[in-house]
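Residues per chain are reported as follows:
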Amino acid sequence: MTEKTTPLWEVFIRSRTGMAHRHCGSVHAADAEMALQAARDVYTRRGEGLSIWVVPSSEIIASDPAQKDELFEPTASKIYRHPTFYEIPEEVGNM
Amino acid sequence: MYTQALNARDTEAGAVEDADRVAAFQARVDAEEKIEPNDWMPEGYRKTLVRQISQHAHSEIVGMLPEGNWISRAPTLKRKAALLAKVQDEGGHGLYLYSAAETLGVSREELTEQLLSGKAKYSSIFNYPTLTWADIGAIGWLVDGAAIMNQIPLCRCSFGPYSRAMIRVCKEESFHQRQGYELLLEMVRSSEEQKEMVQDALNRWWWPSLMMFGPSDTDSQHSAQSMAWKIKRFTNDELRQKFVDATVPQAHYLGLTIPDDKLSFNEATGHWEFGEIDWDEFMRVIAGNGPCNRERLAARKKAHADGAWVREAALAYSRKRADRREAARHAAE
Amino acid sequence: MTSDLFTYTLRLADDAAILGQRLGEWCGHAPTLEEDIGLANVALDHIGQARNLYSYAGEVEGAGRDEDQLCFLRKEREFGNCLLVEQPNGDFAQTIARQLFFSAFMLPFWRKLTGSRDETLAAIAAKAEKEAAYHLRHSGEWTIRLGDGTAESRARMQDAIDLLWPYTGELFEVDGVVERLVADGIAVDPETIRDEWHATLRRVCDDATLTLPPVGWMQSGGRSGRHSESFGHLLSEMQYMQRAYPGMRW
């Protein structure tokens, strides 16, 4: 491998629907401005977006899949956080 | 399909893996859970995916060339724009797929190197030449049609990044087959001469399109494992049959004859039965001896070599700018 | 009068069509996959502009010619595009320099044309202005990276600028057609763009550590149908289908 690697960037697009920026893929680019342009050219060809974030892939801190149980299991039993846990008589109406 | 050559067996014996982990992994796959890049996975699963996804990506990239051959000669501005947008999409699909492969720890540069060195394979279909404008329609209709057959089940592939890339690809690709068929429809309706061009294109692209699905199930060695891992959802022959069943009536609507004298409709099964594929030709093209194998690889190598100074310049500029920023920071301290 | 507007619109259409044709040649052969997609976007913008402009030219002419007849069935001497856009792609630096020179001109051009008394041209300009802004950004950023990149890229970028510079004079040419349409409030007087154009190029070249050549001898001829030798080859390729199969629908 003589070719130097060009950094990888993760691309997040905020769509027209007003939703939050959402991860949609990645691009290779030597710097941030080029990454932004590449993201625009690659991921908004069909009018998908109104705003783009690019983040160096190496800067993403991810949770460890091995810790999935300790991180996410405890919430499964906390059903009192969900509205359906509470019973309200129908006559009261929507709440 | 775009990953036909996948059907060659791994020669090296895999390292012994912890049976419990393998079983737990298989249980997740069976439960239709998505496997993500950082999850534990059997080495064979990883290898199969890297190979399949990168072959798929290479196919998209090489696939830009036969159609790209007609961008400068498209007969109308509308067709020129549609073709350019389609070829561009293929580049985009290659890019999404390379990204999916990269999540498994192999870089774009390595993947490119594998393609250019001839180590990696790509779909045999792209080693056939586009001789007339009708070929552009035939590729959209048949080649993209076959690709869609294959890609729709891949949207449910067990590997998350591959499945997500496929969802995006399928969404974008829906116009590709339609533009191809519409283009042919316009031609067969316009004149007898054009209809002959379309028939000629079908004659040349029909069999290579059927080969896209890869060897027959009886000869396909990786199928069973890939099915168990839910990388593959249907066998080669199942997909091929689906394709034939969908395509034959479309050909008839165009007033064309499928170049297969054994083709007949089986009332009992509801399927179109077709003749024997020339597997010698298939093997020959996969092995590098198709009409355009050398040209295709040479074109990719040239683009890569011609662009080297540009990629180096972009990296050099980025380094310089970082150094300058660093120097300015020091000066300010 | 009609004929001035026809000629003017046709020249703009030819500029866009020919540049789109050249840029389309890159697809599948660019330095990176990202750039394959990027250059195709620029090409598609130009093809889209060409379609709108040809259609309008055909309407103005009133002889029943549509966008494709104007693009694919005119002869070399009838094309009125500037010489700059027909120059071969060369290496990536030449393609970028051609785009930079052109887009740096077209951005203020389209902006001014949005104020044209001709409503159709003004509407086409409004859409094209946004596209040109991105083309300028894209080619400008690349010029900076190539100019201030490696020794090789710097040499190539400077060569490209020197090579294509003599083709920029034509962007500012004014003949009777332009003169009369400017007087009518329909066309843009290119002289009113020169300062902005030059300032844009100076800024980019400064950042790129490149030297903008002095204004000297300039090429001319495209607007009156005297083109480069390479242009005939471009046309024979672009027009092949319509010439080989006359009168057919595609």
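Rules and cut-offs
Residues numbered from 1 in each chain as written. Chains lettered and ligands numbered in written order. Predicted model: local features only at pLDDT ≥ 70, side-chain atom pairs only at ≥ 80, totals over all residues. Heavy atoms only, no water. Helix = DSSP H or I, 4+ residues; strand = E, 2+ residues; numbered from the N terminus. Buried < 20%, exposed > 50% of the residue type's maximum accessible area, 1.4 Å probe, protein only. Contact = heavy atoms within 4.5 Å. Areas by Shrake-Rupley, 256 points an atom, 1.4 Å probe, with all protein chains shown as cover. Lys, Arg positive; Asp, Glu negative; His and termini not counted. Charge placed at Lys NZ, Arg CZ, Asp CG, Glu CD. Patch = residues over 30% accessible without salt bridge, like charges linked within 9 Å, V, L, I, M, F, W, Y side chains within 5 Å. Salt bridge = Lys/Arg side-chain N within 4 Å of Asp/Glu carboxyl O. Pairing = 2+ DSSP bridges. Axes fitted to C-alpha atoms, helices over the stretch in contact; angles between N-to-C directions. Left-handed = near helix turned anticlockwise from the far one by under 90°. Buried area = accessible area lost by both parts, 1.4 Å probe. Polar contact = N/O pair within 3.5 Å; in protein donor to acceptor, adjacent residues only side chain to side chain. Nonpolar A, V, L, I, M, F, W, Y, C, P; charged D, E, K, R; others polar. pLDDT = per-residue confidence, 0-100. Phe/Tyr/Trp six-rings, centres within 6.5 Å; stacked < 30°, edge-to-face > 60°. Lys NZ or Arg CZ within 6 Å of the ring centre and 35° of its normal.

Description of the overall build of chain A
Within chain A, the secondary structure is distributed over two helices and three strands. From first element to last, N terminus to C terminus, chain A shows the α and β order β-β-α-β-α. If you line up chain A on its principal axes, its C-alpha atoms span 70 × 35 × 15 Å. The burial tally for chain A puts 31% of its 95 residues in the buried class. Counting contacts in chain A only where the partners sit at least 6 residues apart, residues at least 24 apart contribute 44% of the total. In the form shown here, chain A has an accessible surface area of approximately 6,800 Å², with 56% of it arising from carbon and sulfur atoms. Side chains of chain A give 10 positive and 14 negative charges; the mean places of these two sets differ by 8 Å.

Description of a negative patch on the surface
A cluster of acidic residues, D64, D69, E70 and E73 of chain A, forms a negative patch at the surface. On the secondary structure map, E73 of chain A appears in the segment after α2 (68-72).

Examining the pairing of strand β2 (residues 22-28) of chain A
Residues and elements named next belong to chain A. Sheet analysis places strand β1 (residues 8-15) next to β2, joined by six bridges and oriented antiparallel. Within the sheet, the bridge partner assigned to E10 lies in β2 and is S26. Hairpin connection from β1 to β2: six residues lie between these consecutive antiparallel strands, with G18 at a positive phi of about 85°.

Some details on the packing of helix α6 (residues 119-147) of chain C against helix α9 (residues 194-207) of chain C
Any two packed helices are characterised by the angle at which their axes cross and by the distance between the axes. Residues and elements named next belong to chain C. Contact geometry for α6 and α9: axes closest at 8 Å, N-to-C directions at 35°. Crossing of α6 against α9: the hand is right-handed. Judged by residue contacts, L136, G140, T143 and I144 of α6 engage T200, V204 and D207 from α9.

Remarks on the pairing of β1 of chain A
Across seven bridges, β1 of chain A lies against strand β3 (residues 49-56) of chain A in antiparallel orientation. Looking at the pairing, I13 of chain A lines up with I52 of chain A of β3 of chain A.

Here we look at the interface of chain A and chain B
Interfaces are often sized by the accessible area lost when the parts come together. Counting residues at the interface gives 19 residues for chain A, matched by 27 residues for chain B. Together chain A and chain B conceal approximately 2,000 Å² of surface at their shared face, both sides included; 52% is due to carbon and sulfur atoms. Connecting chain A to chain B are five salt bridges. Note that E48 of chain A and R168 of chain B form a salt bridge whose closest N and O atoms lie 3.8 Å from each other. Applying the counting rule to chain A against chain B returns nine residue pairs in polar contact (both at pLDDT 80 or more). Looking at the side of chain A that touches chain B, the elements with two or more residues in it are β2 and α1 (32-43) of chain A. Take the side of chain A that touches chain B: its biggest share by element is three residues, from β2 of chain A. Each residue belonging to the side of chain A that touches chain B can be placed in one class, and the counts come to eight nonpolar, four polar and seven charged.

Some details on a nonpolar patch on the surface
A cluster of nonpolar residues, I79, Y80, F85 and Y86 of chain A, forms a patch on the protein surface that exposes about 430 Å² of accessible area. Its location among the elements puts F85 of chain A in the segment after α2.

Describing the interface of chain C and chain B
Taken together, the contacts link 45 residues of chain C with 48 residues of chain B. The largest share of the area that chain C buries against chain B comes from L33, R249 and W250 of chain C, three residues that together contribute 18% of it. Counting across the interface, chain C meets chain B through four salt bridges. Two residues, K320 of chain B and D148 of chain C, come together in a salt bridge whose shortest N-O distance is 3.1 Å. Our count for the contact surface shared by chain C and chain B stands at 17 residue pairs in polar contact (both at pLDDT 80 or more). Element by element, the count of residues in the side of chain C that touches chain B is highest for helix α2 (residues 33-61) of chain C, at 11 residues. Tallied by class, the residues present in the side of chain C that touches chain B amount to 23 nonpolar, 10 polar and 12 charged.

Topic: the side chain of R300 of chain B
Within the secondary structure layout, R300 of chain B lies in helix α11 (residues 293-332). One buried charged residue, R300 of chain B, remains without a salt bridge, the closest side chain of opposite sign being D36 of chain C at 4.5 Å.

Quick notes on the sheet that holds β3 of chain A
All names here are of chain A. Read across the open sheet, the three strands follow the order β2-β1-β3; overall the sheet is antiparallel. Strands with a single pairing partner mark the edges of an open sheet, and in this sheet they are β2 and β3. Recorded for the sheet is a direction-independent mean angle of 30° between the axes of neighbouring strands.

Thoughts on the pattern of salt bridges
Overall, the coordinates contain 43 salt bridges over all chains when judged by the stated rule. Measuring nitrogen to oxygen at the nearest pair gives 3.0 Å for the salt bridge that ties R204 of chain B to D200 of chain B. Here D200 of chain B and R204 of chain B lie together in helix α7 (residues 192-211), a separation of four residues that amounts to about one turn. Exposure remark for R204 of chain B: the relative accessible area of 25% places this residue in the partly exposed category. A salt bridge links R156 of chain C to E152 of chain C; the shortest N-O distance between them is 3.0 Å. On the criterion of helical spacing, the pair formed by R156 of chain C and E152 of chain C is a turn pair, its members being four residues apart in helix α7 (residues 151-164). On the basis of relative accessibility, which here comes to 28%, the residue R156 of chain C falls in the partly exposed class. Judged by its relative accessible area of 37%, E152 of chain C falls in the partly exposed class.

A closer look at the confidence of the model for chain B
Model confidence for chain B is summarised by a mean pLDDT of 93, while 95% of its residues fall at 70 or above. Here the prediction assigns the complex a pTM of 0.94, and the interface score ipTM is 0.97.

Focus on unusual backbone geometry
One non-glycine residue, K230 of chain B, lies in the positive phi region at around 60°. With respect to the helices and strands, the residue K230 of chain B is situated in the loop between α8 (223-228) and α9 (236-253). By relative accessible area, K230 of chain B is classed as buried at 18%. At T209 of chain C, a position not held by glycine, the phi torsion is positive, near 55°. For T209 of chain C, the location among the structural elements is in the loop between α9 and α10 (229-238).

Re the packing of aromatic side chains
Residues and elements named next belong to chain C. Taken as a whole, this structure holds 25 aromatic pairs over all chains when the rule is applied. For the ring pair F92 and W142, a centre distance of 5.1 Å and an interplane angle of 85° mean the geometry is edge-to-face. Residue F92 is found in helix α5 (residues 92-113), and its partner W142 is found in helix α6; the two are separated by 50 residues along the sequence. Between F105 and F109, the aromatic rings sit 5.8 Å apart at their centres with planes inclined by 25°, giving stacked as the arrangement. A residue pair is termed a helical-turn pair when its members lie 3 or 4 positions apart in one helix, as F105 and F109 do in helix α5 at four residues. Through a chain of ring-to-ring contacts, the aromatic side chains of F101, F105, F109, W110, W165, F172 and W197 assemble into a single cluster. A cation sits over an aromatic face here: R74 above F79, 4.2 Å from the ring centre. Above the ring of F172, the side-chain terminus of R194 is found at 4.2 Å from the ring centroid.

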